[in-house]
Amino acid sequence: GIDANIAPAELRHIPQVLRIDGSTWSRRQFEEELHNPASEFAVLLAAESPARGNVRQARQVLGFFVAWRVVDELQIMSIAIHPDVRRQGLARRFLAEMLHRNAGLHACLEVRATNIAARQLYRTQGFVEVGVRPNYYADGEDAVLMRKESV
């Protein structure tokens, strides 16, 4: 698999995060997460980039994770992997590690009803479908509510 590691998101990562996200969140929303004490905003970075001459290249952001810790719950707001590296197990490993880092909390999320791959990913991590929010998304699509007890 691809060699990558998780790091706290920083302001310099946001332009790459925006390219992955496909504009569901604005730059300002991501910037606000950097300063939100309840937010867990992490990036999945490619292993160290080779140097060109004596200039080290910036490490590529392969994915990102945003969640809010609210009392005993981890509310997963967004997780995404760069399209060029999808279907290689990165999302599963990233999600598993972020759940591990928040052990003891319940986890919940909403996912598009048509996003079968994501729903399957969440099921492999112990999430169960607990409800539907009709017309949740701007385009009228339903959201499926998923929950994992005490991660």
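Above this note sits the structure.
Since the structure is predicted, the reported quantities are computational estimates derived from the model, not experimental observations.

1. With respect to the sheet that holds strand β8 (residues 128-133)
Spatial strand order, β1-β2-β5-β6-β7-β9-β8: seven strands in an open sheet with mixed pairing. Lying at the two open borders of the sheet, with one neighbouring strand each, are β1 (4-8) and β8. If you compare each strand with its neighbour and ignore which way they point, the axes differ by 25° on average. Bridge count for strand β5 (residues 61-70) against strand β6 (residues 73-81) is eight bridges, and the pairing is antiparallel.

2. Quick word on the packing of aromatic side chains
Here the structure, examined in full by the defined rule, presents six aromatic pairs. Linked through ring pairs, Trp25, Phe30, Phe41 and Phe64 together constitute an aromatic cluster. Arg112 extends its terminal NZ or CZ atom over the ring of Tyr137, reaching a point 4.2 Å from the ring centre.

3. Remarks on the layout of surface pockets
In this model, the largest pocket occupies a volume close to 1,300 Å³. Ile79, Val111, Asn115, Ala118 and Tyr122 are the residues nearest the centre of the largest pocket, which is lined by 37 residues in total. With seven residues, β6 is the single largest residue contributor to the lining of the largest pocket. By residue class, the composition of the lining of the largest pocket is 22 nonpolar, eight polar and seven charged.

4. A few points about the pairing of strand β9 (residues 143-148)
Within β9, five of the six residues are buried, leaving the element largely enclosed by the surrounding structure. The pairing of strand β7 (residues 106-112) with β9 spans six bridges and is classified as antiparallel. Across the sheet, residue Glu110 finds its bridge partner in β9, namely Leu145.

Rules and cut-offs
Residues numbered from 1 in each chain as written. Predicted model: local features only at pLDDT ≥ 70, side-chain atom pairs only at ≥ 80, totals over all residues. Heavy atoms only, no water. Pairing = 2+ DSSP bridges. Helix = DSSP H or I, 4+ residues; strand = E, 2+ residues; numbered from the N terminus. Axes fitted to C-alpha atoms, helices over the stretch in contact; angles between N-to-C directions. Phe/Tyr/Trp six-rings, centres within 6.5 Å; stacked < 30°, edge-to-face > 60°. Lys NZ or Arg CZ within 6 Å of the ring centre and 35° of its normal. 1 Å grid on protein atoms, 1.4 Å probe; cavity = no way out; pocket = protein on both sides within 12 Å on 5 of 7 lines; lining within 4 Å. Points joined across faces, edges and corners; volume = space filled by probe spheres on them. Nonpolar A, V, L, I, M, F, W, Y, C, P; charged D, E, K, R; others polar. Buried < 20%, exposed > 50% of the residue type's maximum accessible area, 1.4 Å probe, protein only.

As far as function goes, none of this settles anything; it's purely spatial.
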